[in-house]
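Coordinates in review
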Amino acid sequence: MAIFLILAPYGAYTFLMLVTSAISSVFTASAICLATVAIDVARGRSAKILAVGSAILFAAIGLYLALIDPKLGTLGVKLSVDIGIFVISLGSMLVRRPFTLQYAVESVPAETAAIPGFLTANYIITGAWTAAALLMAAANIALLYFPGLPLWSSLAVAFAARNSAIYFTKWYPEYRQIKYGTPARALPQSH
């Protein structure tokens, strides 16, 4: 359930970009991000760096489209989102609060969160998501510089990068448990 709530804004944005305007897509994604923040707060949890940052990112892109450059193409919007997510993810690690840590800490007992490898594991998982965002941005940049490339190539890279990050997020806690004997609950779970 947690992974669904985390990815819901991006799934909605991706789908809506296929069937409606970019402005509608990014504002809807921003609203969904804010709804996930509200759900977390209502459940007594913290507002997450990724959700708040993404809400701001989507809203900023929407305002840019509405007020400055309504003709920014689909590729420009996608590239802006990918770069923004990359910055949020990398930034969370640079400020020493990898975005996955907030989700993980809320899903495990305090003694589990105190295990030495817990923070390292969250840096590694956040790094996987950062790499995925970078790959998606690179695929969109490639389409800008090589317009002859088929659009599906960028979609294939985005699909592979996102799904690889999801798989890694599920796999890595089990790997650490086997290799280091760390309890499975010591790492973020993606239900």
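Below is a short write-up of the structure. (Residues numbered from 1 in each chain as written. Predicted model: local features only at pLDDT ≥ 70, side-chain atom pairs only at ≥ 80, totals over all residues. Heavy atoms only, no water.)

Some details on helix α1 (residues 2–19)
In a regular helix each residue adds 1.5 Å, so 18 residues correspond to 26 Å; α1 covers 26 Å between its end C-alpha atoms and thus fits that length. Along its length, α1 shows its largest kink, about 45°, at Ala8, and proline Pro9 lies within four residues downstream of that point. Taken residue by residue, α1 has Ile3, Ile6, Ala8, Pro9, Tyr10, Ala12, Tyr13, Leu16 and Met17 as its buried positions. On its buried face, α1 sits against α2 (22–42), α3 (49–67), α4 (74–94), α5 (99–105) and α7 (116–145). (Helix = DSSP H or I, 4+ residues; strand = E, 2+ residues; numbered from the N terminus. Expected span 1.5 Å × (residues − 1). Bend = angle between axes of the 7 residues up to and from the residue. Buried < 20%, exposed > 50% of the residue type's maximum accessible area, 1.4 Å probe, protein only. Contact = heavy atoms within 4.5 Å.)

Quick look at the pattern of salt bridges
Under the criterion given, the structure shown has two salt bridges. A salt bridge links Lys48 to Asp40; the shortest N-O distance between them is 3.2 Å. Judged by relative accessible area, which is 1%, Lys48 ranks as buried. For the salt bridge of Lys48 with Glu106, the shortest nitrogen-to-oxygen distance reads 2.7 Å. With Lys48 in the loop between α2 and α3 and Glu106 in the loop between α5 and α6 (110–113), the pair connects residues that are 58 residues apart, well separated along the chain. Salt bridges sharing partners connect three or more residues here, namely Asp40, Lys48 and Glu106. (Salt bridge = Lys/Arg side-chain N within 4 Å of Asp/Glu carboxyl O.)

Let's talk about the packing of aromatic side chains
Enumeration over the complete set of coordinates arrives at seven aromatic pairs. Between Tyr10 and Phe58, the ring centres sit 5.9 Å apart and the planes meet at 45°, which makes this aromatic pair tilted. With Tyr10 in helix α1 and Phe58 in helix α3, this residue pair connects regions lying 48 residues apart in the sequence. When its relative accessible area of 0% is taken as the criterion, Phe58 is described as buried. With a centroid separation of 5.2 Å and 20° between ring planes, the pair formed by Phe168 and Tyr172 is classed as stacked. Note that Phe168 and Tyr172 are positioned in helix α8 (residues 151–180) at a spacing of four residues, about one turn of the helix. Exposure remark for Tyr172: the relative accessible area of 6% places this residue in the buried category. Among the aromatic side chains, those forming a connected cluster through ring pairs are Phe168, Trp171, Tyr172 and Tyr175. (Phe/Tyr/Trp six-rings, centres within 6.5 Å; stacked < 30°, edge-to-face > 60°.)

Keep in mind these numbers describe shape, not what the thing actually does.
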